[in-house]
Structure formats: structure tokens, C-alpha cells
Amino acid sequence: MQLQCLGDFNGDGNLDLAGGILFPFVPGIGNLPDFAVMLGKGDGTFLPQQIVGDNVMRAYAVTGEFNGDGKLDLAVVNFLNSAVSILLGNGDGTFQAPFDYFAGPYPGQIAVGDFNGDAKPDLAVLSGDWIQYTVLVPDGGVWVMLNTSACAGVALSIERTNSTITISWPSPSTGFVLESTTNLSSANWQPADELRATNNSRLEISVPLDQHSRYFRLRKP
């Protein structure tokens, strides 16, 4: 296995591994890698690898919570299909069938981050610039893929001043929990402990700008 990313994919508090594995040589194509997950036991050992998705060429990958259900997901570059495959986690170490999104010709490296400030994890994918079997693929630039998931059903609004960020959402929002994390690649979302206020029929909290890499979401358990 070629390690690509880490995460707690089954919610047991132990780190798991995800990465590419090589299948036998295919004439005219080469070694055909797929993607697998190895669940950690917490003692430095792992369960046998589980193949994720179908047998197509997958390479780089990142983890993120892409649909707001509190379960860690995978975004895996699908080289042959010129796509990024989103595999939604079931929370038990298994994943749903992949959804493929076009990511330019011959996508390569991938990164996750909130690129438009809406508190949802987005993706950036390097297209082209890939040496494949001694053939240099033309540079296709960087593709930014914004997360449009509306899973929470209640949208957060963000206002920024010189010293604070105010996060607000409609009131009432029965059943929704405001959660926070410092790492989008982790499943360790915790209830936000900031004091809530009511302003014009909205609930809000204020967060100092000196907090590095703080993310928030509304989730309905």
C-alpha cells in the first residue's frame, strides 16, 4: 500500500490508513492501482486491507467531512477517468459507491480546504503535468471544486471584523448542533462551547481571529 491519508474511518478513536495498492501489470497501461483502507487496532497493527471502489486507476487522496453527516469521507483522484471520486463514509470503516466529478485531463495531486469561506471543505486538484509512461501530459492548471452540499438544511452566515468572526444561523433550529474542529481531515468534531446570543431572530457566536484553523458546522444528529 502507498499511504495517502490518515483518518478515523470507523469512529473507534484509532487512526486508520488509506492508500493505493497495485494490481498486476496490464499491457499498454502498466500496473493498475486501486484504493484500499486498513483499519487500525490502536496498538500499531492493522486489520487486512479492504479495497474501496472499483478497479480503475486511483492515485492521490484526501479525507474530509464532505456531506455534513459527521462521518469521515474520502476524495480520491481517478486518473483514468479524469475525475475525483467522492466516497462517502458509512462511519463503520466502509464506504458508499463513488461519485465521480470531472477534474480536468489527467488529474494528479489534490488538497482540501475551505476556499470560499462557507465552512464547507472544498477541493483543489492539479490537472495535467503528469509523466505517465514517459509521456508528458500537458499542464491543465488547478481545478477548484467548491462543496455545494446543503445537508445541514440550515445555513451558517459569517461576518468578519478586525478582531472577531461572528457566526450566525436562524432561530429556532430545532435538532441542529453547532460543532467545531481544528482539522477538516479529522472526524473529531465537538460541540462548540462559545456562548450563544440572539440577534434579530438569529443565534450567533463570536470567535476571536487569533484561533488558528477553526472550522464550524451545523449538524443534525
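How each quantity is defined
Residues numbered from 1 in each chain as written. Predicted model: local features only at pLDDT ≥ 70, side-chain atom pairs only at ≥ 80, totals over all residues. Heavy atoms only, no water. Helix = DSSP H or I, 4+ residues; strand = E, 2+ residues; numbered from the N terminus. Buried < 20%, exposed > 50% of the residue type's maximum accessible area, 1.4 Å probe, protein only. Contact = heavy atoms within 4.5 Å. Areas by Shrake-Rupley, 256 points an atom, 1.4 Å probe, with all protein chains shown as cover. Core = buried A, V, L, I, M, F, W, Y, C linked by side-chain atoms within 4.5 Å. Phe/Tyr/Trp six-rings, centres within 6.5 Å; stacked < 30°, edge-to-face > 60°. Polar contact = N/O pair within 3.5 Å; in protein donor to acceptor, adjacent residues only side chain to side chain.

Caption draft 1: Quick peek at the overall build of the protein. Of regular secondary structure, the protein possesses zero helices and 20 strands. Per-residue burial over the protein gives 43% buried out of 221 residues. Once local pairs closer than 6 in sequence are excluded, the contacts in the protein between residues at least 24 apart make up 44%. Accessible area of the protein: about 11500 Å², with a carbon and sulfur share of 55%.

Caption draft 2: Geometry of the nonpolar core. If you look at the biggest cluster of nonpolar residues, it comprises 13 residues, and the most contacted ones within it are Phe9, Ala18, Val37, Leu74 and Phe95. Every element with two or more residues in this core is listed here: β3 (30-38) and β6 (73-78). The residues contacting Phe95, other than those within four sequence positions of it, are Phe9, Val37, Val52, Leu72, Asp73, Leu74, Leu87, Leu88, Gly89 and Asn90. One finds Val62, Val84, Ile86 and Val125 within the second-largest nonpolar core, a separate group that totals 12 residues.

Caption draft 3: Just the packing of aromatic side chains, in detail. On inspection of all chains with the given rule, the structure shows two aromatic pairs. Ring centres of Phe9 and Phe95 lie 5.6 Å apart, and the angle between their planes is 70°; on these two criteria the pair is classed as edge-to-face. Residue Phe9 is located in the loop between β1 (2-7) and β2 (16-26), and its partner Phe95 is located in the loop between β7 (83-87) and β8 (99-102); the two are separated by 86 residues in the primary sequence. Of the two residues examined, Phe9 and Phe95, each falls in the buried class. For the ring pair Phe102 and Trp143, a centre distance of 5.2 Å and an interplane angle of 85° mean the geometry is edge-to-face. Separated by 41 residues along the polypeptide, Phe102 in strand β8 and Trp143 in strand β13 (residues 141-145) bring together distant segments of the chain. Accessibility expressed as a relative area gives 32% for Trp143, which makes it partly exposed.

Caption draft 4: Main features of the side chain of Asp73. Of note, Asp73 is situated in strand β6. Here the side chain of Asp73 touches Gly89 through a polar contact of 2.7 Å, landing on its backbone nitrogen. Residues within four places of Asp73 in sequence aside, it is in contact with Val62, Thr63, Gly64, Glu65, Phe66, Asn67, Leu87, Leu88, Gly89 and Phe95.

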